[in-house]
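This is what each chain is made of:
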Amino acid sequence: MTKILSVNAGSSSLKFKLLEMPEETVISEGVIERIGSILDEDDNATIKYNGKKYSERLEFKNHESSIQYLLKKFTDFKIVNDFNDIKGVGHRVVAGGEWFNKSVVATPEVIEKIERLASYAPLHNPANAQGIKAFSKAMPNAIQVVVFDTAFHQTMPEENYLYGLPYEYYTKYGARKYGAHGTSHRYVASRAAEILNKPLDELKLITLHLGAGASITAIKNGKSIDTSMGFTPIAGLIMATRVGDVDVSLVDYIKEKEELDDEQMMNVLNNKSGLIGISTISTDMRDLLEVEQTNHHAKLAINMFVDRVAKYVSQYIMELEGVDAIIFTAGIGENSSPIREKIMNKFNYLGLKVDKENNAKRGEEVQLSTDDSSFKALLIPTNEELAIARDVVNLMEKD
Ligand code: ADP
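In this text, all values refer to a predicted model and were calculated from it rather than measured experimentally.

Thresholds applied
- Residues numbered from 1 in each chain as written.
- Predicted model: local features only at pLDDT ≥ 70, side-chain atom pairs only at ≥ 80, totals over all residues.
- Heavy atoms only, no water.
- Pairing = 2+ DSSP bridges.
- Helix = DSSP H or I, 4+ residues; strand = E, 2+ residues; numbered from the N terminus.
- Contact = heavy atoms within 4.5 Å.
- Axes fitted to C-alpha atoms, helices over the stretch in contact; angles between N-to-C directions.
- Buried < 20%, exposed > 50% of the residue type's maximum accessible area, 1.4 Å probe, protein only.
- Parallel < 35°, antiparallel > 145°, perpendicular 65-115°, else oblique.
- Nonpolar A, V, L, I, M, F, W, Y, C, P; charged D, E, K, R; others polar.
- Core = buried A, V, L, I, M, F, W, Y, C linked by side-chain atoms within 4.5 Å.
- Phe/Tyr/Trp six-rings, centres within 6.5 Å; stacked < 30°, edge-to-face > 60°.

Asks: Quick rundown of the sheet that holds strand β1 (residues 2–9)? Include the residues and the values.
Replies: Strand order in the open sheet formed by eight strands is β5-β4-β3-β2-β1-β6-β8-β7, and the pairing between neighbours is mixed. Only two strands of the sheet have a single neighbouring strand rather than two, namely β5 (52–56) and β7 (104–105). Two elements, strand β4 (residues 45–49) and β5, share five bridges in a ladder whose sense is antiparallel. Residue pairing across strands places Tyr49 opposite Lys52, the latter belonging to β5. In the packing of helix α3 (residues 125–138) onto the sheet, the strands contacted are β1, β2 (14–21), β6 (86–93) and β8 (143–148), and the crossing angle to β6 comes to about 170 degrees.

Pasting the structure below:
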């Protein structure tokens, strides 16, 4: 039995899950928020363990102090006897560029590269690196492993990762598609192979990670061959607040009309577009579905979301030259029967039929297509923390 901590260090937050491996059971999970910022009245540290939930309002100057607090709570609450019981920490890192095509042990060189990739993910990579450094200092005896969001997509062929830009921008600046959500796509694909009882390297899969952030990946023989997010996660699908694919000429046009500077324009594209931009009501698919029948904008946002998903799936069926299964995951994919049904119905013409009883289920592994469908649709809840913990264990064994 080994305890492994999966962490996601954001610029002002630290999310964690402590797992017992290889049993893969969750011992504790939680989040520390508003690190380094001014507190409001709410609790900002929450820890769940043994069916209990503890939360309090505390000031944390930086990641280091929040980590010290967390480790102390683990021992105070007897979640561990000693924090040295935690043998490994797995860190989620957003951008790995072309340097990383798999998870690696966090050496000083690796951390330096993560920092050098900051321009690919300015909000995330510096915070991720800070988290790794702070945990390495606090837990020098634990192996520190880095799991990259982009790594799984490094198998894309150059035809798919390049843009139609002058080639030298790729060689000089790394201007290409990197994708994201790789850990989730990889996890649900490997679960799909187990469920379908077929080797992953014989399958054509399309994974639909539909959350507030959303992306779709075409997976051939276990390898990502194309994905909808791009140089950054702004590209591809219409998301809760992100624009997705858009004619780049519109960026300057709107900047001029609205008198926005670069930062304000990026804020529009990242935070004010997508479902909230079109519906003007909410970023949350649940709210839109509630008023779908009476509110044109809500209905339009839903239809555009579904259409864009279906277009990517269609394109990927072509790229894969067929498909064995499409897999729904993340907030919307796991919980929203109506959205799944609308998406699946777009493929009735290809012989996909919805199993209505199964599609009414939420958050559990289930086959969504009828047995006589031409390909399968599956619901597989994602589990990025587990995928991270598995990578830590694999690298511990190699070390
Ligand atoms: P992220 O990790 O990108 O923040 P999640 O995967 O947690 O996102 O998904 C969050 C989104 O899932 C919410 O914005 C909401 O729109 C959607 N969601 C959650 N439950 C439901 C539901 N029952 N019906 C429709 N959408 C849902």
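Asks: Talk me through the side chain of Ser369; I want residue IDs and the actual numbers.
Replies: If you trace the backbone, Ser369 turns up in the loop between β13 (366–367) and β14 (376–379). We classify Ser369 as buried; its relative accessible area is 1%. Once residues within four sequence positions are removed from consideration, Ser369 is found in contact with Leu352, Lys353, Asp355, Phe375, Lys376 and Ala377.

Asks: I'd like a description of the packing of helix α6 (residues 182–196) against helix α15 (residues 384–398), backed by residues and values.
Replies: Following both chains from N to C, one finds α6 and α15 inclined at 85 degrees, their axes separated by 9 Å at the closest point. The angle between the axes of α6 and α15 places the two elements in the roughly perpendicular class. From α6, Thr183, Ser184, Arg186 and Tyr187 reach across to α15, where they touch Glu384, Leu386, Ala387, Ile388, Arg390 and Asp391. Along the lines of polarity and charge, the residues of the contact of α6 with α15 split into four nonpolar, two polar and four charged.

Asks: Residues and numbers for the nonpolar core, please.
Replies: A general tendency of soluble globular proteins is for nonpolar side chains to be buried together. Core analysis: the biggest nonpolar cluster contains 43 residues, and Ile206, Leu208, Leu210 and Ile326 have the highest contact counts within it. Sorting the residues of this core by element identifies β9 (204–210), β10 (214–220), α9 (274–279), α10 (285–290), α11 (296–320), β12 (325–329), α13 (337–345) and β14 as the ones contributing at least two each. Take this core: its biggest share by element is 12 residues, from α11. When near neighbours in sequence (up to four residues on either side) are disregarded, Leu210 contacts Leu237, Phe305, Val309, Phe328, Thr329, Ala330, Gly331, Ile332, Gly333 and Ile343. Core analysis: the next-biggest nonpolar cluster, separate from the first, contains 28 residues, Ile27, Ile32, Val80 and Ala138 among them.

Asks: Which residues make up the packing of aromatic side chains, and what are the values?
Replies: Throughout the structure, instances matching the rule amount to 12 aromatic pairs. For the ring pair Tyr120 and Tyr178, a centre distance of 5.1 Å and an interplane angle of 35 degrees mean the geometry is tilted. On the criterion of sequence distance, the pair formed by Tyr120 in the loop between α2 (108–116) and α3 and Tyr178 in the loop between α5 (167–173) and α6 is long-range, its members being 58 residues apart. Its relative accessible area of 3% is what places Tyr178 among the buried residues.

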